Amino acid sequence: QEFVIPDLTMAEFYIFLYKGDLEDTAIEWHKRLSYYCELVSRDILIKSLKYRIDNKKDNMSIFDCVCYIFSLENNYTFVTGDKAFKNKRGVLFISK
């Protein structure tokens, strides 16, 4: 299936691997997935931060909020295992 990766998701994934002393793996995945990455506009970043503040009781990460709003704004499905998004519009929730 076709998919898109917001730049912030790719950056988060890279840092996750880097913190685990897996920078070579991070570099390899970045090379393999960079074709699917898309820039996130400042407008979406601002909407995402407002969304996070307006929903602070859900304790959502900035990365997840950006990817969620990015998905909504582009008519993509947001795929996540984060329970805070389980019943939200435009989400494909995958339990861990």
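Reading the values: the criteria
Residues numbered from 1 in each chain as written. Predicted model: local features only at pLDDT ≥ 70, side-chain atom pairs only at ≥ 80, totals over all residues. Heavy atoms only, no water. Helix = DSSP H or I, 4+ residues; strand = E, 2+ residues; numbered from the N terminus. Expected span 1.5 Å × (residues − 1). Salt bridge = Lys/Arg side-chain N within 4 Å of Asp/Glu carboxyl O. Buried < 20%, exposed > 50% of the residue type's maximum accessible area, 1.4 Å probe, protein only.

## Remarks on unusual backbone geometry
- Although it is not a glycine, D21 adopts a positive phi angle of roughly 55°.
- Even without being a glycine, N59 presents a positive backbone phi close to 55°.
- Looking at the secondary structure, you find N59 in the loop between α3 (42-54) and α4 (62-73).

## Regarding helix α1 (residues 7-19)
- Its 13 residues give α1 an end-to-end C-alpha distance of 18 Å, which sits within 8% of 18 Å, the value for a rise of 1.5 Å per residue.
- With its phi angle positive at about 55°, D21 sits one or two positions after the end of α1.

## Details of the pattern of salt bridges
- Under the criterion given, the structure shown has four salt bridges.
- The closest approach of N and O atoms between E73 and K47, which form a salt bridge, is 3.3 Å. Separated by 26 residues along the polypeptide, E73 in helix α4 and K47 in helix α3 bring together distant segments of the chain.
- Judged by relative accessible area, E73 falls into the partly exposed class, the value being 42%.
- With its nearest N and O atoms 3.8 Å apart, the salt bridge here joins D58 to K88. Separated by 30 residues along the polypeptide, D58 in the loop between α3 and α4 and K88 in the loop between β3 (78-80) and β4 (91-93) bring together distant segments of the chain.
- One network of salt bridges, in which partners are shared, links D43, K47 and E73.

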